[in-house]
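Analysis of the macromolecular model
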Amino acid sequence: MSTENLPQSPGQPPRKPRVAVVFGGRSSEHGISMVTAGAVLSAIDRTKYDVLPIGITRDGRWVLTADEPERMAIVDRRPPDVEQLAESAEGGVILPVDPANREVVYSEPGSVPKALGEVDVVFPVLHGPYGEDGTLQGLLELSGVPYVGSGVLASAVGQDKEYMKRVFTSFGLKVGPYVVIRPREWERDESAARRKIIDFAGEHGWPLFVKPARAGSSIGITKVDDLSGLDEAIAVAQQHDPKILVEAAVRGREIECGVLEFEDGPRASVPAEIPPPDAHAYYDFEAKYIDSTPGIVPAPLTDEQTAEVRRLAVDAFEAASCEGLVRADFFLTEDGEFVINEINTLPGFTPISMYPQMWQASGISYPELVDRLVQAALRRSTGLR
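- The name that an unreviewed UniProt entry assigns to the chain is D-alanine--D-alanine ligase, with the source organism given as Streptomyces bluensis.
- Reading the Pathway (unreviewed entry) entry of the UniProt record for the chain gives the comment "Cell wall biogenesis; peptidoglycan biosynthesis."
- Its UniProt record, at the heading Subcellular location (unreviewed entry), says of the chain: "Cytoplasm".

1. Here's the deal with the sheet that holds strand S11 (residues 244-248)
- The sheet built from four strands is open, its strands ordered S8-S11-S9-S10 with antiparallel pairing. Unpaired on one side and paired on the other, strand S8 (178-181) and strand S10 (222-224) mark the two borders of the sheet. Going from strand to strand, the sheet's axes swing by 25° on average, the running direction of each strand aside.
- In the sheet, S8 pairs with S11 via four bridges, with the strands oriented antiparallel.

2. Concerning the nonpolar core
- Core analysis: the biggest nonpolar cluster contains 35 residues, and Val21, Phe123 and Phe349 have the highest contact counts within it.
- Within the residue set of this core, elements represented by two or more residues are strand S1 (18-24), helix H1 (30-43), strand S7 (121-124), strand S12 (252-262), helix H10 (354-361) and helix H11 (366-379).
- Counting residues per element, this core draws most heavily on H11, at seven residues.
- Apart from residues no more than four positions distant in its own chain, Val21 is found in contact with Ala37, Val40, Leu41, Val51, Leu52, Pro53, Ile54, Phe123 and Val125.
- Formed by 29 residues, the second largest nonpolar core is a distinct cluster that contains Val167, Ile255, Ala320 and Cys322.

3. With respect to the pattern of salt bridges
- In this structure the tally under the stated criterion is 31 salt bridges.
- When the shortest N-O distance is used, the salt bridge between Arg71 and Glu68 registers 2.8 Å.
- The exposure class of Glu68 is partly exposed, given its relative accessible area of 27%.

4. What to know about the packing of aromatic side chains
- This model, assessed by the stated rule, comprises five aromatic pairs.
- Judged by centre distance (6.2 Å) and plane angle (80°), the rings of Phe330 and Phe338 are edge-to-face. Summarising the burial analysis for this pair, Phe330 and Phe338 share the class buried.
- Through pairs of rings, three or more aromatic residues link up here, namely Phe123, Phe349, Tyr355 and Tyr366.
- When the ring centre of Tyr178 is taken as origin, the NZ or CZ atom of Lys165, which lies over that ring, is 5.6 Å away.

5. With respect to helix H2 (residues 135-143)
- Taken residue by residue, H2 has Leu136, Gln137, Leu140 and Ser143 as its buried positions. Projected onto a plane normal to the axis of H2, the buried residues spread over an arc of 120° and lie on a single side.
- Residues of H2 that are buried make contact with strand S3 (62-64), S7 and helix H3 (152-159).
- One or two steps after H2, the chain reaches Gly144, where phi turns positive at roughly 75°.

Rules behind the numbers
Residues numbered from 1 in each chain as written. Predicted model: local features only at pLDDT ≥ 70, side-chain atom pairs only at ≥ 80, totals over all residues. Heavy atoms only, no water. UniProt positions renumbered as here; feature names shortened; annotations may be inferred. Pairing = 2+ DSSP bridges. Helix = DSSP H or I, 4+ residues; strand = E, 2+ residues; numbered from the N terminus. Axes fitted to C-alpha atoms, helices over the stretch in contact; angles between N-to-C directions. Core = buried A, V, L, I, M, F, W, Y, C linked by side-chain atoms within 4.5 Å. Buried < 20%, exposed > 50% of the residue type's maximum accessible area, 1.4 Å probe, protein only. Contact = heavy atoms within 4.5 Å. Salt bridge = Lys/Arg side-chain N within 4 Å of Asp/Glu carboxyl O. Phe/Tyr/Trp six-rings, centres within 6.5 Å; stacked < 30°, edge-to-face > 60°. Lys NZ or Arg CZ within 6 Å of the ring centre and 35° of its normal. Arc of directions from axis to C-beta.

Right, dumping it as structure tokens:
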């Protein structure tokens, strides 16, 4: 569907496409999702689109929120919360489940439900589980509502770092050494699961990075320098995901590259480099979002290295069957080889985030980037494609 052929009522002037910006959510990345939403709401062209902001609370309630992006910012090192912007403590938004009807309804206890009009496209700015992982995408597929970004499979693969690495390996992309501890392994025999990690460290050396397998924004990650810190790192990761991933340190420069879907297919941005942050052991949550450690855009690479990482970023996009956008993260090792660390199917998307910065340096402004993503979603159909 394009902006030119939206359904119109007889005798009525053409209406603008309505974009529902959905944010918040049940994951530990709730607050960062709101920061992203504030940036998108500020940038989206209101002369071209009608906008409906919908928040999802930490307990999963869908609510109408104030269209006040200035309130969706980190203040005093504390991320915002959907409850602060909800128009009602009890009201809820109901999405259609019938592909023939895209009308969104708002309901409050004791009141007649109110129709909010049809939604033409959803811009989901949910990070982490219950939003970025294919769950919301599945709901939108059932509803027949187009949406920005990757579909169910690619979203799920992009969220689960184990299966992401398995997919990349099968397509010939090089990944670093890792080991996975699944919940059943831990529940069945903690000592054996711990021994599995210790044996891995014996083979690949310290430090290790212990991560939730299905989280992002560097939340729940611990750099472990020796055996004494392992148990605490496991406990921290398991607060966010019962499945944990342990990675060996890959020594090299951190290089990122954005991929964006154009009319003729995906293209890669100029790459960026993430220098080691002075006040942090690695590029963790606070370095990214609180202290805003700056990246170097474009990355100081040779022409050959730049071409290679851009090619690999598009290869990763295609390997996971992604759509819309992806940020691909690599290590450039001391011997000049690119090792892919991960992709993000919904990367950090504030104007100071690396993905928009890379596209700004590639000639696409933040508002244009938002517009291109909405237009790509409107061109695509839901269902098998």
